[in-house]
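Now for the letters of each chain:
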Amino acid sequence: MLQLGAYAAGRWIDPDDSARNMHSAVTGAVVARGGARLDMGEMIDHAVTVGGPALRAMDFHQRARMLKALAQYLDGRKEELYALNPLSGATRADGWIDIDGGIGTMFVFASKGRRDMPEGQIHLDGDLEQLSRGGTFLGQHVAVPLHGVAVHINAFNFPVWGMLEKLAPTLLAGVPAIVKPATATAYLAHAAFRMMIDSGLLPDGAVQLVIGSTGDLLDRLGPQDVVSFTGSADTAFLLRSNPSLLRRGTRFIAEQDSLNCSILGPDVTHDAPEFDLFVKEVAREMTAKAGQKCTAIRRIIVPRAMLDPVGDAIAARLAQTRIGDPVLETTRMGALVSKAQKADVSEKLAAFAGEVQPVFIGDTLTIEAEAPEAGAFLPPSLYRCADPDAATRVHEIEAFGPAATLMPYRDLAHAAQIANRGGGSLVASVITHDTDVARSIVQHSGPWHGRIYINDRDSMGEATGHGSPLPHMTHGGPGRAGGGEEMGGIRGVMHYMQRVAVQGSPRMISAVIGQWVTGAPEIDPPTHPFQLTFDEIEIGHTINTDKRIITLDDIEHFARFTGDTFYAHMDEAAAAANPFFPGRVAHGYLLLSFAAGLFVQPDPGPVLANTGLNALSFQKPVSPGDALWVRLTARRKTRRTEAYGEVRWNATLYNQNDEQVAEYELLTMVAYSR
Ligand code: NAP
């Protein structure tokens, strides 16, 4: 039997007499034991005084690299986790969502951290705001890590993914965490947690682990702390109403249960590819992880005429699903996590039995396990609700197992109405090939669902599945689903940071954010900046080029050479009739090319490549006879590889009257050495 120690203030603490037993979902045997009375004050103090400062001493990119190393470390040892996985009743495929899914999420945050966050301590949120006419007073929203601790309370169904999808954005933000996994499957979370500690990759105090009760942890939290909860709506309600949390304004993020649905579009006929797709997705969502997925489809909303064909097709698939011991290769659906969970699902199904009729009830005699009655096996069941408008409980009660209910709709508006009766869900899917159907559902159901998954013949080969939350997209939903929004790339990191509206002069803003902004001091470089290495280039290094007169000949030559003979460049009368131009004008692309000719230093040097150009705007027409000059300023530097980094330059193009005619951001890769 596994003895699961807690990890508090940098040391492992053995289970004590408050420890609880954990059972195999398959045999019912006790497989692990964990829980200890912990000094929560000491744990918070350790996180805030040791973990927080150590994490904040690193910049976003260092923390992102730490996440990548951590994900690689876990990936190399994941078979140890797969070995424990069947104890929870999960098949290898279920485990893949949990284990590989969790590690993959960490990898995504590691790469997003380097791509979408600065190599510094202050994250920019949105663009610069011009707050004064003369440009001497600006505003910029920034985000900085909270100085408290994140308390993660996780659900039993995805012990590894649930822990890693919360830890990745928290650690990337620079905030230490205290993790409390659900007791039923804590042995899996514990094993993954232990690996992270053993890796030595995390600074002391960055993570701690509670097994069992959280004691008075929540009562001790303050305004810089965050509780991120995943679990049932009832527990969320209990925890979020904690008076200390309310009084001190502690952030509370909740991912709760949800009556998710899938809608079959009215365009889908029996022989359309979308019909099979719908049936497959629904059956898969009902049986993956034995229906214990927060995103599983609970309500199947179909046109009235399709009720029987869809019901028959799903029932046929469910009948083929082999249920049994998850270690058997033939098993497609394992057991629920515990007998208590099985009893809970049966009770919930009974609670709305008066509103539905059974379509298919799986046969317990087909369960392939040594002693089926010892495990928490529950075959899938499919119901139909003839009058979803009159029904109430089937829209409210989440039976967290392999069960779903078919509901007929009259028209699209009715389908949306039924979908929204769940009171707020994590995900609604719509299987349709008709773009009008998809748009209508997004418009009429969007406010009630955190995610809308649209699938058809075009995307079905690559679509990731109704039930898969992706680290790039937000995961959460309104109302009943908790109102939370996890992941979603850097959006998920923001839960652990404070947004600050910073106001000041361009010089001040530039210094605070570590980027040059228009109006901040310009610095004379010792030589042409294209001859300086990455480290020698200073933010604010500026060159002002010579002028170049643009002739009609230049314009005609460029037009012939490129084939761009648009009338604004070639036809005086037509150009003059256009409200934007005084007459024939230079091509914008000609200006860009001449600009490069003006600012480039041609000799081989540390500048390796021009990799792009952002935010280009042409602001004033340039006529033949005008003179063009460029101001080029080093705006932002980011290390990219061992050999070179990215330097972004602000390029502003002016005419002979020093009026701005164009502006853009130029991206270059610059070597660290010559
Ligand atoms: P749960 O019973 O609500 O428990 C969730 C977590 O809260 C567990 O870690 C549990 O610990 C802890 N907890 C319970 N009472 C507590 C208290 N008084 N103080 C501190 N912590 C407490 O939910 P579950 O049965 O584990 O998970 C199933 C539910 O989670 C389903 O309803 C499902 O829809 C939902 N879920 C939602 C998402 C999502 O992302 N929205 C994801 C997965 C699951 P113990 O285990 O020690 O009691």
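Bear in mind the structure is a predicted one, so any value in this text is a computation, not a measurement.

J.: How do you make sense of the overall build of the chain when you look at a structure like this?
T.: A tally of regular secondary structure across the chain gives 19 helices and 29 strands. Each principal axis of the C-alpha atoms in the chain carries an extent, and together these give about 90 × 60 × 45 Å. Looking at the chain as a whole, 57% of its 674 residues are labelled buried. Here the analysis covers contacts within the chain between residues at least 6 apart in sequence; of these, 74% occur between residues at least 24 apart. Accessible area for the chain stands at about 27,600 Å²; split by element, carbon and sulfur atoms hold 52% of it. When the 60 basic and 76 acidic side-chain charges of the chain are each reduced to a single mean position, those positions are 3 Å apart.

J.: Help me understand the state of the cysteines, please; the structure alone is not making it clear to me.
T.: By definition, a disulfide links two cysteine residues through a covalent bond between their sulfur atoms. The full count for this structure, using the stated rule, is zero disulfides. Cysteine Cys294 shares no disulfide, and the gap to the nearest cysteine sulfur, in Cys261, comes to 15 Å. Summary of cysteine pairing: Cys385 is not part of a disulfide, and the nearest cysteine sulfur, belonging to Cys261, is at 14 Å. You can call Cys385 buried: its relative accessible area is 1%.

J.: Whenever I open this one, the site of the ligand confuses me. Can you help?
T.: By nearness alone, 26 residues border the ligand, and Asn154, Thr183, Ser232, Thr235 and Glu398 come closest of all. Interatomic distance of 3.1 Å between a backbone N/O atom of Phe156 and an oxygen atom of the ligand. Residue Ala182 places a main-chain N or O atom 3.4 Å away from an oxygen atom belonging to the ligand. Protein coverage of the free-state accessible area of the ligand, which is 920 Å², stands at 81%.

J.: I keep staring at helix H7 (residues 233-240) and nothing clicks. Help me out?
T.: Residues spaced three or four apart along an α-helix point in a common direction, a consequence of the helix completing one turn every 3.6 residues. Of the residues making up H7, those classed as buried are Ala233, Ala236 and Leu239. End-on view of H7: buried residues confined to an arc of 130 degrees, all on one side of the axis. Residues of H7 that are exposed and point more than 90 degrees away from the buried face comprise Asp234, Phe237 and Leu238. Where the residues of H7 are buried, they touch strand E9 (150-153), strand E12 (226-230), helix H8 (243-248) and strand E13 (251-255).

J.: Sorry, what's going on with the sheet that holds strand E15 (residues 299-303) here?
T.: The strands making up a sheet associate through hydrogen bonds between their backbones, and the pairing can be parallel or antiparallel. Taken in spatial order, the seven strands of this open sheet run E16-E17-E18-E15-E14-E19-E20, and their pairing is mixed. Lying at the two open borders of the sheet, with one neighbouring strand each, are strand E16 (357-361) and strand E20 (449-455). Looking at each pair of strands side by side, their axes are set apart by 20 degrees on average, direction ignored. Relative to E15, strand E14 (residues 261-264) is paired through three bridges, and the arrangement is parallel. Within E15, the residue paired with Ser262 across the bridge is Ile300. Running over the sheet, helix H9 (residues 273-287) touches E14, E15, strand E17 (381-384), strand E18 (403-409), strand E19 (425-431) and E20 and is turned about 165 degrees from E14. Contacts between helix H10 (residues 307-320) and the sheet are confined to E14, E15, E16, E17 and E18, with E17 contributing the most and set at about 170 degrees to the helix.

J.: Looking at this model, I keep getting lost on the domain arrangement of the chain. Mind explaining?
T.: Interface size is commonly expressed as the accessible surface area that is lost when the partners come together. Domain boundaries in the chain define domain 1 (2-257 + 491-498), domain 2 (261-468) and domain 3 (522-671). If you average the C-alpha positions of domain 2 and of domain 3, the two centres end up 57 Å apart.

J.: Please clarify how the pattern of salt bridges should be interpreted in this entry.
T.: Opposite charge on two side chains allows them to pair when their charged atoms are near. Enumeration over the complete set of coordinates arrives at 30 salt bridges. One salt bridge in this structure joins Arg457 and Glu274, with 2.9 Å as the shortest N-O distance. Here Glu274 lies in helix H9 and Arg457 lies in the loop between E20 and strand E21 (474-475), a separation of 183 residues in the sequence. Given the relative accessible area of 36%, Arg457 is considered partly exposed. Where Arg584 meets Glu556, a salt bridge forms, and the shortest distance between an N and an O atom there is 2.9 Å. Placement of the pair is Arg584 in the loop between helix H18 (572-577) and helix H19 (588-599) and Glu556 in helix H16 (residues 552-562), with a sequence separation of 28 residues. A relative accessible area of 23% means that Glu556 is categorised as partly exposed.

J.: Would you take a moment to explain helix H6 (residues 186-199) for this structure?
T.: The end-to-end C-alpha distance of H6, which contains 14 residues, comes to 20 Å, matching closely the 20 Å that a straight helix rising 1.5 Å per residue would cover. Those residues of H6 that fall on the buried side of the exposure criterion are Ala186, Tyr187, Leu188, Ala189, His190, Ala191, Ala192, Phe193, Met195, Met196 and Ser199. Just beyond H6, the residue with positive phi is Gly200, at close to 70 degrees.

J.: Sorry, what's going on with the packing of aromatic side chains here?
T.: For any two aromatic rings, the description comes down to two numbers: the centre-to-centre distance and the angle of the planes. Tallying each qualifying case throughout the model produces 13 aromatic pairs. Pairwise contacts between aromatic rings join Tyr7, Trp12 and Phe193 into one cluster. A cation over a ring is seen here: Arg63 above Phe60, with NZ or CZ 4.8 Å from the ring centre. In this arrangement the basic side chain of Lys637 is found over the ring face of Phe534, its NZ or CZ atom lying 4.9 Å from the centre.

J.: Could you clarify how one ought to interpret a nonpolar patch on the surface in this entry?
T.: Together, Tyr589, Leu613, Leu616 and Phe618 make up an exposed nonpolar region whose accessible area comes to about 370 Å². Ranked by residue count, the leading element in the nonpolar patch is strand E26 (residues 607-618), at three residues. Within the fold, Phe618 resides in strand E26. Of the residues examined, Phe618 reaches a relative accessible area of 41% and is grouped as partly exposed.

Cut-off values and rules
- Residues numbered from 1 in each chain as written.
- Predicted model: local features only at pLDDT ≥ 70, side-chain atom pairs only at ≥ 80, totals over all residues.
- Heavy atoms only, no water.
- Helix = DSSP H or I, 4+ residues; strand = E, 2+ residues; numbered from the N terminus.
- Buried < 20%, exposed > 50% of the residue type's maximum accessible area, 1.4 Å probe, protein only.
- Contact = heavy atoms within 4.5 Å.
- Areas by Shrake-Rupley, 256 points an atom, 1.4 Å probe, with all protein chains shown as cover.
- Lys, Arg positive; Asp, Glu negative; His and termini not counted.
- Charge placed at Lys NZ, Arg CZ, Asp CG, Glu CD.
- Disulfide = S-S within 2.5 Å.
- Near = heavy atom within 4 Å.
- Polar contact = N/O pair within 3.5 Å; in protein donor to acceptor, adjacent residues only side chain to side chain.
- Arc of directions from axis to C-beta.
- Pairing = 2+ DSSP bridges.
- Axes fitted to C-alpha atoms, helices over the stretch in contact; angles between N-to-C directions.
- Domains from an automatic or database assignment.
- Salt bridge = Lys/Arg side-chain N within 4 Å of Asp/Glu carboxyl O.
- Expected span 1.5 Å × (residues − 1).
- Phe/Tyr/Trp six-rings, centres within 6.5 Å; stacked < 30°, edge-to-face > 60°.
- Lys NZ or Arg CZ within 6 Å of the ring centre and 35° of its normal.
- Patch = residues over 30% accessible without salt bridge, like charges linked within 9 Å, V, L, I, M, F, W, Y side chains within 5 Å.

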